[in-house]
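As a plain string of letters, each chain reads:
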2 protein chains.
Amino acid sequence: MAWCDAGAPDGSCAPDPDVRERLLRAAVEVFDRKGYAATSVREIVEHARVTKPALYYHFKSKEGILVAILEEGARQFQEAIARAAASKGTARQRLVALCEQAYGLFRQNVPVVRVAHAVYYGPREGLPAFDLTVFERKLVAAIRQIIQDGVAAGELQPGSVEHMSIAISAVIAVCTDQEISPHSTPVGLDGLHGVLDVVFEGMLARHLPGPES
Amino acid sequence: MAWCDAGAPDGSCAPDPDVRERLLRAAVEVFDRKGYAATSVREIVEHARVTKPALYYHFKSKEGILVAILEEGARQFQEAIARAAASKGTARQRLVALCEQAYGLFRQNVPVVRVAHAVYYGPREGLPAFDLTVFERKLVAAIRQIIQDGVAAGELQPGSVEHMSIAISAVIAVCTDQEISPHSTPVGLDGLHGVLDVVFEGMLARHLPGPES
DNA sequence: GTCTATACATCGATAGAC
DNA sequence: GTCTATCGATGTATAGAC
């Protein structure tokens, strides 16, 4: 009756290396859709077409599978940040590249990002045994480093490194938030570039010397 | 034995208009701390020093008390937005005032904002019967109106109304997020002003004609 | 309006066979 | 490694007295 009977002539279930992967995918899908606390282990295992003890074997608890999801997400995220931090060009080009990397990665992993977001801004009690601050810290550190380089090169305004860092991370955050919210319309890559242009060049009209003065 | 015995000579419990208010405060506190789904009705009523049927009398369910919290929050939020939208001055002054209003209101109601945030970005299934988009819609509409006025007056750059709107709401969002996150350090009013300065004036250094050219 | 007591479902996690 | 069967705790919500 179990799904694995089909491939086993003797009717036995050979160890399935796929079970862990299916459990992870199913957990992300259900955590994203219903929220971690509202998700029951029964839903996860049914969606993954395995039984309950299989989950408790591969991960030791319901929290264990959440931590595994966050760890994999953090790994990919840090790789993307490191790639972007090593880019070359002007500070503006490098910051745009960093934002593109982060935004692109988020768009390709919306369900995982939603789960991580819910945990990051979620309840202070019942938190998983996982350091959630890596995301924010690595990203802000990379942004600040590029900005400091740009200030040193005379490309960016001096004296506002901290405020500029916050402005750049604000752009990434607003694009991400709109992407993962079920209520908003996505900003898109063009929108990201447009908003970054605003932040780099400012909102105020330049009062060039003209005939109408 | 019940708390109300103290004020009732005959030992009876007079109808207590305070019960509803205590239930609301307690629910906000526990929803914020543990998350809506992970909160049990028992915890709320214990914290409010009432019994379970009292909650089901004043609100009809666990979801009912969440909706009541969100409705009260939306009411205060819309009042603050309307106040700021009616302000006078340059577009920059009015946008700064709007951001101050929103940020100030959030800072004074961090627990409620955290609950609303968790619901807004929370699971798509099991949503309360409440239109969460009012927050975003009213705020963005107010921002866009001020920006359009500023463009018409020649104060702001033409052609990027949408991107400028996103940039301003990004500043509000990043300040709010840092305020409600248990992991970040608050931006503060000075920080808000600094980031807004960056967005209005741009990050790029102005290359004024100088002796070193 | 507020209480005590409880119905009834579902939860996370495990025991023990294979 | 994966199964069936089940434990004990806890969940929301209500019935009925006062």
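Computed from a predicted structure; not experimentally measured.

*Asks:* Quick question: what am I supposed to make of the overall build of chain A here?
*Replies:* Of the regular secondary structure elements, chain A holds nine helices and zero strands. Listing every helix and strand of chain A by position from the N terminus yields α-α-α-α-α-α-α-α-α. Out of the 213 residues in chain A, the part that is buried amounts to 50%. Partitioning the intrachain contacts of chain A with sequence separation of at least 6 by distance along the chain shows that 64% fall at a separation of at least 24. Of the accessible surface of chain A, which amounts to about 10600 Å², a share of 56% is contributed by carbon and sulfur atoms.

*Asks:* What should I look at first to understand the packing of helix α4 (residues 62-85) of chain A against helix α7 (residues 133-152) of chain A in this one?
*Replies:* Helix-helix packing is characterised by the crossing angle of the two axes and by the distance between the axes. All names here are of chain A. The interhelical angle for the contact between α4 and α7, taken along N-to-C directions, is 0 degrees, at an axis separation of 10 Å. As judged from the angle between their axes, α4 and α7 are roughly parallel. Contacts between α4 and α7 involve Leu-70, Gly-73, Ala-74, Phe-77, Gln-78, Ile-81 and Ala-85 from the former and Val-134, Phe-135, Lys-138, Leu-139 and Ala-142 from the latter. In the contact of α4 with α7, the residues fall into nine nonpolar, two polar and one charged.

*Asks:* Please explain the protein's contact with DNA strand D as it appears in this structure.
*Replies:* As a structural note, the neighbourhood of DNA strand D is formed by 15 residues, with A:Thr51, A:His58, B:Val41, B:Lys52 and B:Tyr56 the closest of them. Backbone sugar and phosphate groups make up 64% of those atoms of DNA strand D lying within 4 Å of the protein. A:Thr51 has a polar side-chain atom sitting 2.2 Å from a phosphate oxygen of DNA strand D. Along the lines of polarity and charge, the residues of the surface near DNA strand D split into seven nonpolar, five polar and three charged.

*Asks:* How do you make sense of helix α2 (residues 41-48) of chain B when you look at a structure like this?
*Replies:* Along an α-helix, residues three or four apart share an orientation, since each turn contains 3.6 residues. Residues and elements named next belong to chain B. Here α2 has its buried residues at Val-41, Glu-43, Ile-44, Val-45 and Ala-48. Each element contacted by the buried residues of α2 is listed here: α1 (18-34), α3 (52-58) and α4 (62-85). In the stretch just after α2, Arg-49 is the one whose phi turns positive, near 55 degrees.

*Asks:* So what exactly am I meant to see when it comes to the domain arrangement of chain A here?
*Replies:* All names here are of chain A. One can read the domain layout of chain A as domain 1 (1-60) and domain 2 (69-201). Each of domain 1 and domain 2 has a C-alpha centre, and the two are 33 Å apart. In this assembly, five residues from domain 1 lie in contact with five residues from domain 2. Of the roughly 480 Å² buried between domain 1 and domain 2, counting both surfaces, carbon and sulfur atoms make up 78%. The largest per-residue losses of area from domain 1 upon contact with domain 2 belong to Val-28, Phe-31 and Asp-32, which jointly make up 79% of the total buried on that side. The tally of links from domain 1 across to domain 2 stands at one salt bridge. The shortest N-O distance in the salt bridge between Arg-114 and Asp-32 comes to 2.8 Å. On inspection of domain 1 and its partner domain 2, the count reaches one residue pair in polar contact (both at pLDDT 80 or more). Counted by class, the side of domain 1 that touches domain 2 contains four nonpolar, no polar and one charged residues.

*Asks:* Just to check I follow, could you spell out the nonpolar core for this structure?
*Replies:* Core analysis: the largest hydrophobic core is formed by 143 residues, its most contacted members being A:Leu23, A:Ile147, A:Ile168, A:Met203, B:Leu23, B:Ile168 and B:Met203. The residues touching A:Ile147, leaving out its near neighbours within four places in the chain, are A:Leu95, A:Leu156, A:Val161, A:Met164, A:Ser165, A:Ile168 and B:Met203.

*Asks:* Help me out: how do you make sense of the relation of the copies chain A and chain B in this one?
*Replies:* Relating one copy of the chain to the other takes a rotation about an axis and a shift parallel to that axis. Expressed as a screw operation, the relation of chain A to chain B combines 0.0 Å of axial shift with a rotation of 180 degrees, fitting to an RMSD of 0.0 Å. The superposition operator between the copies reduces to a two-fold rotation axis. Relative to the rotation axis, the closest C-alpha in chain A is found at A:Gly202, a distance of 1.8 Å. By residue overlap, the copies meet face to face through one surface: 100% of the interface positions of chain A are interface positions in chain B.

*Asks:* How should I be thinking about the interface of chain A and chain B in this particular structure?
*Replies:* Listed as interface residues are 55 residues of chain A and, on the opposing side, 55 residues of chain B. Together chain A and chain B conceal approximately 4900 Å² of surface at their shared face, both sides included; 62% is due to carbon and sulfur atoms. Summed over the three residues of chain A that lose the most area to chain B, namely A:Tyr121, A:Arg124 and A:Met203, the buried surface amounts to 17% of that side. The interface formed by chain A and chain B holds four salt bridges in total. Here B:Arg124 and A:Asp32 are joined by a salt bridge, their closest N and O atoms 3.4 Å apart. Summed over the shared surface of chain A and chain B, the result is 25 residue pairs in polar contact (both at pLDDT 80 or more). Counting residues per element, the ones that place at least two in the side of chain A that touches chain B are α1 (18-34), α5 (91-108), α6 (110-120), α7, α8 (161-180) and α9 (188-201) of chain A.

The rules we used
- Residues numbered from 1 in each chain as written.
- Chains lettered and ligands numbered in written order.
- Predicted model: local features only at pLDDT ≥ 70, side-chain atom pairs only at ≥ 80, totals over all residues.
- Heavy atoms only, no water.
- Helix = DSSP H or I, 4+ residues; strand = E, 2+ residues; numbered from the N terminus.
- Buried < 20%, exposed > 50% of the residue type's maximum accessible area, 1.4 Å probe, protein only.
- Contact = heavy atoms within 4.5 Å.
- Areas by Shrake-Rupley, 256 points an atom, 1.4 Å probe, with all protein chains shown as cover.
- Axes fitted to C-alpha atoms, helices over the stretch in contact; angles between N-to-C directions.
- Parallel < 35°, antiparallel > 145°, perpendicular 65-115°, else oblique.
- Nonpolar A, V, L, I, M, F, W, Y, C, P; charged D, E, K, R; others polar.
- Near = heavy atom within 4 Å.
- Polar contact = N/O pair within 3.5 Å; in protein donor to acceptor, adjacent residues only side chain to side chain.
- Domains from an automatic or database assignment.
- Buried area = accessible area lost by both parts, 1.4 Å probe.
- Salt bridge = Lys/Arg side-chain N within 4 Å of Asp/Glu carboxyl O.
- Core = buried A, V, L, I, M, F, W, Y, C linked by side-chain atoms within 4.5 Å.
- Least-squares fit on C-alpha atoms with pLDDT ≥ 70 in both.

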